[in-house]
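Per-entry structural report
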Amino acid sequence: MRIDIISVLPEFMESPFKTSILKRAMEKGLAEVHFHNIRDWSIGKHRQIDDEPYGGGAGMIMMVEPLDKCISELKSQRDYDEIIYLTPDGETLNQKMANSLSIKKNLIFICGHYKGIDQRVRDLHVTKEISIGDYVLTGGELAACVLADSVIRLLPGVLNDEQSALTDSFQDNLLSYPIYTRPATYKGLSVPEILLSGNFAAIEEWQHEEALRITKERRPDLLE
Ligand code: 6GU
């Protein structure tokens, strides 16, 4: 998979991809992430990338021309499966969306800043708009990192057996059951007896029951 991320602040996003699991995914050649600084497609001698909104109002708008030039150049180099604009106006990210994006080959992520991007960039290029939740961030960069992480970890070969995505919270629309490691007792709190029993069928049954109980308690909406 190849992800091209377009932003005014590409350096803000570098460390997540240089650390731990995402770093290993890149080193193994399972994912490539390319950053593009929108300033490189700025116009005029002032290298302008944003301007005041038509119709007035507060805040600056990211101009159509630099974004269109950048995206058009990328599109001339390869076919993209989706061109995603990260915006609080988008569809809220969930595991199902991450799963469906993880089978794509080439993706573009556009990070908005200021008040957002000129509508014509959306009309010309954007195929999907994604938000990471009902709150506002200073820009789309952290959202792009969240989306990239959720997708890259699903690529075959990225996680090892122990980290397997198959037992994640949300994979079956269930939250995680309680988990423990040594010691068996700590400050008077003991690990549930069943987990020490060696009866793997009974353990699996308990884990499923606990996952259901916790999901009912915290996120009944997932069971509907
Ligand atoms: Cl994608 N962008 C911004 N700026 N804020 C957000 C968001 C995205 N998703 C949730 N909040």
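The structure displayed is predicted, hence computed values, not measured ones. (Residues numbered from 1 in each chain as written. Predicted model: local features only at pLDDT ≥ 70, side-chain atom pairs only at ≥ 80, totals over all residues. Heavy atoms only, no water.)

1. A closer look at the UniProt feature "binding site: S-adenosyl-L-methionine" (unreviewed entry) in the protein chain
As annotated by UniProt and renumbered to match this structure, "binding site: S-adenosyl-L-methionine" (unreviewed entry) occupies Gly 112, Ile 132, Gly 133, Asp 134, Tyr 135, Val 136 and Leu 137. Along the chain, Asp 134 turns up in the loop between strand E7 (128-131) and helix H5 (141-152). Among the secondary structure elements, Leu 137 is positioned in the loop between E7 and H5. Relative accessible area serves as the criterion here: at 31%, Leu 137 is assigned to the partly exposed category. In this view, Leu 137 contacts Ile 132, Leu 142 and Ala 143; residues no more than four positions away in its chain are not counted. (UniProt positions renumbered as here; feature names shortened; annotations may be inferred. Helix = DSSP H or I, 4+ residues; strand = E, 2+ residues; numbered from the N terminus. Buried < 20%, exposed > 50% of the residue type's maximum accessible area, 1.4 Å probe, protein only. Contact = heavy atoms within 4.5 Å.)

2. A look at the site of the ligand
In the neighbourhood of the ligand, the contacting residues comprise Leu 86, Thr 87, Pro 88, Ile 130, Ser 131, Ile 132, Gly 133, Tyr 135, Val 136, Leu 137, Gly 139 and Ala 143. In this structure, Ile 132 approaches the ligand through a main-chain N or O atom, which is 2.9 Å from a nitrogen atom. Between the ligand and the protein, one listed contact pairs a nitrogen atom with a backbone N or O atom of Leu 137 at 3.0 Å. Contact with the protein chains hides 95% of the accessible area of the ligand, taken as 290 Å² for the molecule alone. Mapped by element, the contributors of at least two residues to the shell around the ligand are strand E5 (82-92) and E7. If one sorts the elements of the shell around the ligand by residue count, E5 sits on top with three residues. For the shell around the ligand, the residue count by class is eight nonpolar, four polar and no charged. (Near = heavy atom within 4 Å. Polar contact = N/O pair within 3.5 Å; in protein donor to acceptor, adjacent residues only side chain to side chain. Areas by Shrake-Rupley, 256 points an atom, 1.4 Å probe, with all protein chains shown as cover. Nonpolar A, V, L, I, M, F, W, Y, C, P; charged D, E, K, R; others polar.)

3. Things to note about the environment of Phe 200
For Phe 200, the position within the fold is in helix H6 (residues 200-218). Residue Phe 200 is classed as exposed on the basis of its relative accessible area of 63%. In sequence terms Phe 200 and Ile 83 are 117 residues apart; their C-alpha atoms lie 45 Å from each other.

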